[in-house]
Amino acid sequence: MRLSVFSLILSGIFTAVFVVFIFAKWQDKNEHIKKLNSEIMTMRTKLNHAEAVGTKALAYARVSRGLELIVGRRLTTAQKKILTERLYSISMDYKIDPVLILAVIHQESKGNPTARGAFMSGIESGALGLMQIKYESALEVAHTVGIKLNSREDLFVPEINLMVGTAYLLRLIAKYNNLQHALIAYNIGLGNLEARLRSGEALPTRYYNRIMQNYMFLSMRIFNDKY
């Protein structure tokens, strides 16, 4: 009987030791797994960050290259850097493809920051600068981008023209929720578009089609050509 009790005690001790040993091993393994998971999460964070940086770098390069294709030597390196940064920021903030803005610039002024628009008759239209925006239209939206316009000459400053012209186009896109209508309004004026929509008259699509052609042309060339 005593042997049986002793055996039970001994068995209990061995069992307890075994449980403690297994628990220690499990705890060590669990800590190792936690450490591995932490390392994996750290690596994943770094990879996601690297991917985000790579995506941003690619987007920035896309803007820079597209701008270079349009303006060439019409702007200084410093001016092109400023425009690239502004256009990149606008595209990120407002979720608009920067190449679309570049397509408008290409169509409107061929990248000439001092361009003055003119009608077929030769009379000046009042459209100024890179995006050929009229001073009256510019005044309506300048405050939304924190710019104060003192005169028409301000619109010959490339970054001011870009910011104001893009703000005006974004306003039209938001108003119509229709890119074609927005671009037509940008070309013929908001009042003219509204009149045509009310009358049911066919809309002039030539300008819109040209912008889309410019967009396709720039999109294909941006990374197909050698720097």
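Rules used throughout
- Residues numbered from 1 in each chain as written.
- Predicted model: local features only at pLDDT ≥ 70, side-chain atom pairs only at ≥ 80, totals over all residues.
- Heavy atoms only, no water.
- Helix = DSSP H or I, 4+ residues; strand = E, 2+ residues; numbered from the N terminus.
- Buried < 20%, exposed > 50% of the residue type's maximum accessible area, 1.4 Å probe, protein only.
- Contact = heavy atoms within 4.5 Å.
- Areas by Shrake-Rupley, 256 points an atom, 1.4 Å probe, with all protein chains shown as cover.
- Pairing = 2+ DSSP bridges.
- Axes fitted to C-alpha atoms, helices over the stretch in contact; angles between N-to-C directions.
- Parallel < 35°, antiparallel > 145°, perpendicular 65-115°, else oblique.
- Left-handed = near helix turned anticlockwise from the far one by under 90°.
- Expected span 1.5 Å × (residues − 1).
- Arc of directions from axis to C-beta.

In terms of helices and strands, the protein carries eight helices and three strands. When the helices and strands of the protein are read in sequence order from the N terminus, they spell out α-α-α-β-β-β-α-α-α-α-α. The buried share of the protein, reckoned over its 227 residues, is 33%. For the protein, contacts bridging at least 24 residues in sequence account for 56% of all contacts bridging at least 6. With the model as given, the accessible surface of the protein reaches about 14,500 Å², and the carbon-plus-sulfur share is 59%.

This part is about the sheet that holds strand 3 (residues 133-134). The pairing of strands in a sheet comes from backbone hydrogen bonds and takes either a parallel or an antiparallel form. Spatially, three strands are ordered 1-2-3 in an open sheet, and the strand pairing comes out antiparallel. Edge positions in the open sheet fall to strand 1 (116-118) and strand 3, since each of these has one partner strand only.

Another aspect to go through is the packing of helix 5 (residues 158-176) against helix 6 (residues 179-188). Remark: helix 5 packs on helix 6, axes separated minimally by 8 Å, with the N-to-C direction vectors making an angle of 135 degrees. Judged by the inter-axis angle, helix 5 sits oblique to helix 6. The chirality of how helix 5 crosses helix 6 is right-handed. Residue-level contacts link G165, Y168, L169, L172, I173 and Y176 of helix 5 to L179, H181, A182, L183, A185 and Y186 of helix 6.

A word on the environment of R171. Looking at the secondary structure, you find R171 in helix 5. You can call R171 partly exposed: its relative accessible area is 37%. In this structure, the C-alpha to C-alpha distance between R171 and V141, residues 30 residues apart in sequence, is 8.4 Å. The residues contacting R171, other than those within four sequence positions of it, are E140, V141 and T144.

Moving on: helix 2 (residues 77-94). For helix 2, spanning 18 residues, the distance from its first C-alpha to its last is 26 Å, which sits close to the expected 26 Å at 1.5 Å a residue. Three or more residues of helix 2 are buried, namely K80, L83, T84, L87, Y88, I90 and S91. When helix 2 is viewed along its axis, its buried side chains cluster within an angular range of 160 degrees and face the same direction. In this structure, helix 2 carries K81 and D93 as exposed residues pointing more than 90 degrees from its buried face.

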